[in-house]
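Close look at the chain arrangement
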There are 2 protein chains.
Amino acid sequence: MVDIFKILANEHRLQILHWLKNPNNHFNAEDIEPEVTDYGVCMSVIQKKAGLSQSTISSYLTSMVNCGLLKSVREGQWTYYKRNEKRIQELASYIKDTL
Amino acid sequence: MVDIFKILANEHRLQILHWLKNPNNHFNAEDIEPEVTDYGVCMSVIQKKAGLSQSTISSYLTSMVNCGLLKSVREGQWTYYKRNEKRIQELASYIKDTL
DNA sequence: TCTATATATCTAATAATCTCGATACAAACA
DNA sequence: TGTTTGTATCGAGATTATTAGATATATAGA
């Protein structure tokens, strides 16, 4: 559980999580088709919006997948990321009932 | 919100929050009367249980008060700490609905 | 095969956090 | 007033996080 909080203890990662809640509200679907799909949003699109380096975003996203907050799918040369809503609700429940 | 997650991103602080959820289950009320009261639990009792230095616990508790997770009351030479349940539930709601 | 694009990994510099001991302050009490 | 107990603050060394650039890998297309 500490590991999840460590991931959330960063402005940029929180933002990414928020953007991915409603990708169409935060990423311009017209400009970036087909990088926003049912699979999620691909790294380069997230990276451009975040304004951090590609290596930083890559390691952020990897860590978010590792702690279960995101899921990823590799499709050709792209890796798509989406939220793991189940995990996020589990976190909310944990704080509500157990923390 | 990031600041709250930073506070939670530490094993010891998480433990303290958990101990204070049910102080009587975690602190021996007989040994330490009257340090566990309606006001909460005093610092020295928390410090002894945590096994970290007094200065560390003091700054942890202060930071937890500052971010709203705990409330404190000074009574004579003691400072008592208890959870801010309202704030904790707000955090759970934020994660559930907004994050 | 050569090139361009997307992603992943490695290395390193800077910044922040962790944690302690020393010390200061504050209250209780002999 | 001097001493003890509880708490707060300061300064510093060790550890961890942040973040970028360089480089490697993988895929798609000319």
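Please refer to the structure higher up on the page.
This is a predicted model, so every value here is computed, not measured.

About the thresholds
- Residues numbered from 1 in each chain as written.
- Chains lettered and ligands numbered in written order.
- Predicted model: local features only at pLDDT ≥ 70, side-chain atom pairs only at ≥ 80, totals over all residues.
- Heavy atoms only, no water.
- Helix = DSSP H or I, 4+ residues; strand = E, 2+ residues; numbered from the N terminus.
- Rg over C-alpha atoms; globule rule 2.2 N^0.38 Å.
- Buried < 20%, exposed > 50% of the residue type's maximum accessible area, 1.4 Å probe, protein only.
- Contact = heavy atoms within 4.5 Å.
- Areas by Shrake-Rupley, 256 points an atom, 1.4 Å probe, with all protein chains shown as cover.
- Lys, Arg positive; Asp, Glu negative; His and termini not counted.
- Charge placed at Lys NZ, Arg CZ, Asp CG, Glu CD.
- Near = heavy atom within 4 Å.
- Polar contact = N/O pair within 3.5 Å; in protein donor to acceptor, adjacent residues only side chain to side chain.
- Nonpolar A, V, L, I, M, F, W, Y, C, P; charged D, E, K, R; others polar.
- Salt bridge = Lys/Arg side-chain N within 4 Å of Asp/Glu carboxyl O.
- Least-squares fit on C-alpha atoms with pLDDT ≥ 70 in both.
- Phe/Tyr/Trp six-rings, centres within 6.5 Å; stacked < 30°, edge-to-face > 60°.
- Lys NZ or Arg CZ within 6 Å of the ring centre and 35° of its normal.

**Remarks on the overall build of chain A**
Each helix and strand counted, chain A has seven helices and four strands in total. Mapped from its N terminus to its C terminus, chain A presents α and β elements in the order α-α-α-α-β-β-α-α-β-β-α. Taken over C-alpha atoms, the radius of gyration comes to 13 Å for chain A, in line with the 13 Å a tight globule of 99 residues would show. Seen through its C-alpha atoms, chain A measures out along the principal axes to roughly 45 × 25 × 25 Å. Counting across all 99 residues of chain A, residues that qualify as buried make up 42%. In chain A, once contacts between residues fewer than 6 apart in sequence are set aside, the share between residues at least 24 apart is 50%. Here chain A displays about 5,300 Å² of accessible surface, and carbon together with sulfur accounts for 44% of that area. Here chain A carries 12 positive and 11 negative side-chain charges, and the mean point of each set is 7 Å from the other.

**Overview of the protein's contact with DNA strand C**
Residues in contact with DNA strand C amount to 22 residues; listed here are only the nearest, Ser44(A), Gln54(A), Ser53(B), Thr56(B) and Tyr60(B). The share of sugar and phosphate among atoms of DNA strand C within 4 Å of the protein is 63%. With respect to DNA strand C, the side chain of Thr79(A) contributes an N or O atom lying 3.1 Å from a sugar or linking oxygen. Side-chain polar atom of Ser55(B) to a base oxygen of DNA strand C: 2.8 Å apart, as the coordinates give it. Put simply, the parts of the chain that give the surface near DNA strand C at least two residues each are helix H5 (43–50), helix H6 (54–66) and strand S4 (78–83) of chain A together with helix H2 (11–19) and helix H6 (54–66) of chain B. Grouping the amino acids of the surface near DNA strand C by side-chain chemistry returns six nonpolar, 13 polar and three charged.

**Some words on the interface of chain B and chain A**
Between chain B and chain A, the contact holds 21 residues from the first and 21 residues from the second. Our count for the contact surface shared by chain B and chain A stands at zero salt bridges. At the surface where chain B touches chain A, the tally comes to eight residue pairs in polar contact (both at pLDDT 80 or more). Of all the elements in the fold, those that place two or more residues in the side of chain B that touches chain A are helix H1 (2–8), H2 and helix H7 (85–97) of chain B. It is H7(B) that provides the largest number of residues to the side of chain B that touches chain A, a total of seven residues.

**Re the relation of the copies chain B and chain A**
The two copies are related by a screw motion: chain B maps onto chain A through a turn of 180° and a shift of 0.0 Å along the axis, at an RMSD of 0.0 Å. Such a combination of turn and shift is consistent with a two-fold rotation axis. Every residue of chain B has its C-alpha some distance from the rotation axis, and the shortest such distance is that of Ala92(B), at 2.4 Å. A share of 100% of the interface residues of chain B reappears at the interface of chain A, consistent with the copies meeting face to face through the same patch.

**Some points on the protein's contact with DNA strand D**
Lining the immediate environment of DNA strand D, one finds 23 residues, of which Ser53(A), Tyr60(A), Ser44(B), Gln54(B) and Ser55(B) sit closest. If you look at DNA strand D and keep only atoms within 4 Å of the protein, 62% of those are sugar or phosphate atoms. Ser53(A) is positioned with one of its backbone polar atoms (N or O) 2.7 Å from a phosphate oxygen of DNA strand D. Thr79(B) places a polar main-chain atom, nitrogen or oxygen, 3.0 Å from a phosphate oxygen of DNA strand D. The set of elements that each furnish at least two residues to the surface near DNA strand D consists of helix H2 (11–21) and H6 of chain A together with helix H5 (43–50), H6 and strand S4 (78–83) of chain B. Looking at the surface near DNA strand D residue by residue, the class counts come to seven nonpolar, 13 polar and three charged.

**Considering the packing of aromatic side chains**
If you walk through the whole model with that rule in mind, you get five aromatic pairs over all chains. When the ring of Phe5(A) is compared with that of Phe5(B), the centres are 6.1 Å apart and the planes differ by 25°; the resulting orientation is stacked. Of this pair, Phe5(A) sits in helix H1 (residues 2–8) while Phe5(B) sits in helix H1, each in a different chain. Between Trp19(B) and Phe27(B) the ring centres are 6.0 Å apart and the planes differ by 80°, which places this aromatic pair in the edge-to-face class. Given the relative accessible area of 8%, Trp19(B) is considered buried. The residue whose ring lies beneath Arg13(A) is Tyr60(A), and the NZ or CZ to ring-centre distance is 4.7 Å. Here the guanidinium or amino end of Lys49(B) rests over the ring plane of Trp19(B), the centre of that ring lying 5.1 Å away.

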